[in-house]
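# Overview (structure and organization)
Given next are the chains, with one letter for each unit.
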Amino acid sequence: MKKKGGRIFTALLISSWFGFMALAGFFIPSFVSQLSLFRVKEVVVEGIDRIDVSLIRETIEELEIDPLFLDEEELLSLLSVRSQGRVKRVFISKDLGLGGISLRVRVVEREPVARVSFGGGRFLIDAEGVLFKPLEGDPTDLPLITTYDIDLLQEHFPRFYTLILSFRFPVERIYVKKDRVIVKMNGKTVTLPPLDTLPDAVSDRIKMIYNLQEEKVDLRYDRFILVRN
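All figures in this text were calculated on a predicted structure; none of them were measured in a lab.

### Some thoughts on the overall build of the chain
A count of helices and strands for the chain gives five helices and 12 strands. Residue burial in the chain is summarised as follows: out of 229 residues, 36% are buried. Surface accessibility of the chain: about 14,100 Å² in total, with carbon and sulfur atoms responsible for 55%.

Set out below in structure tokens:
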């Protein structure tokens, strides 16, 4: 009998504990947020270059949660959609003061490295191959890429950027075709292998022919280089 009573008491105690924890989990955040020390007195947006700061503030308000409990991943997901892909990362920090908390939202925007023309539309692309819509004030002197396959370009662009564009060659135009990539640079028309088969040595080969006088250079072949005016 004593054992049965003990089990009942233990069960009641456990139930009471879980009930208390559930209520605490519900009420404590609300209670804490009411204390002036834990209230968000201001939201400071940092790192913005071309995105309108109002977009950040409106997106935070749309989340309909206490800014004190703002989640970086959730905010990034919404901002990526609303900025049409321009937001790369979001960092949230909280500075505690006597008057409350200053919530700092640092936004990292994607840096365009080229322009893209596809299907009658114009886009910008960053070194990771992410496309986003251009805004007023974006650079207009970036290399212009015309492609027949936007998915192919995005998949292989990071490597193309590493092998060619990151070297700051004065590239003006790039044409991505099925059987070749044509690059206009330094007064030359350079023909490369297809985008998905570019060899690692392509950077060194471009350096080799960079100062040649010939206007047309074909680098699609491993053992020789075709040049002509």
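Having seen it, we continue.
### A few points about the side chain of R205
By the secondary structure assignment, R205 is in helix α5 (residues 202–209). Nearest to the buried, unbridged R205 among oppositely charged side chains is D222, at 5.2 Å. Separated by 3.3 Å, the side chain of R205 and the backbone oxygen of L219 make a polar contact. If near-sequence neighbours (up to four positions away) are discounted, R205 is found in contact with L219, Y221, D222, F224 and I225.

### Structural notes on the nonpolar core
With 31 residues, the main nonpolar core has L153, F157, F160, I164, L165 and L192 as its most contacted residues. Broken down by secondary-structure element, the contributors of at least two residues to this core are β4 (112–118), α4 (150–163), β8 (171–176), β9 (181–185), β10 (188–192) and α5. Per-element tally for this core: the top contributor is α4, with seven residues. Aside from chain neighbours lying at most four places away, what touches L153 is V116, I125, I145, T147, V176 and L195. Core analysis: the second largest hydrophobic core is formed by 17 residues, I56, L75, L79 and V90 among them.

### Let's talk about the sheet that holds β4
Spatial strand order, β6-β5-β4-β7-β8-β9-β10-β11-β12: nine strands in an open sheet with mixed pairing. Either end of the sheet is taken by a strand with one partner, and the two such strands are β6 (131–132) and β12 (226–228). Relative to β10, β9 runs antiparallel, the two being bridged by five bridges. The residue of β10 that forms the bridge with I182 is T191.

### A few points about the environment of R89
Inspection of the secondary structure puts R89 in strand β2 (residues 87–97). Judged by its relative accessible area of 42%, R89 is partly exposed. Ignoring any residue separated from it by four or fewer positions in sequence, one finds R89 in contact with L76, R106, V107 and V108.

### Concerning the pattern of salt bridges
Applying the stated rule across the entire model yields 13 salt bridges. The salt bridge partner of E46 is R104, with a shortest N-O separation of 2.9 Å. Here E46, found in strand β1 (residues 40–46), pairs with R104, found in strand β3 (residues 100–109); they are 58 residues apart in sequence, far enough to count as distant. Overall, the relative accessible area of 30% leaves E46 in the partly exposed class.

Each value, and the rule that gives it
- Residues numbered from 1 in each chain as written.
- Predicted model: local features only at pLDDT ≥ 70, side-chain atom pairs only at ≥ 80, totals over all residues.
- Heavy atoms only, no water.
- Helix = DSSP H or I, 4+ residues; strand = E, 2+ residues; numbered from the N terminus.
- Buried < 20%, exposed > 50% of the residue type's maximum accessible area, 1.4 Å probe, protein only.
- Areas by Shrake-Rupley, 256 points an atom, 1.4 Å probe, with all protein chains shown as cover.
- Lys, Arg positive; Asp, Glu negative; His and termini not counted.
- Salt bridge = Lys/Arg side-chain N within 4 Å of Asp/Glu carboxyl O.
- Polar contact = N/O pair within 3.5 Å; in protein donor to acceptor, adjacent residues only side chain to side chain.
- Contact = heavy atoms within 4.5 Å.
- Core = buried A, V, L, I, M, F, W, Y, C linked by side-chain atoms within 4.5 Å.
- Pairing = 2+ DSSP bridges.

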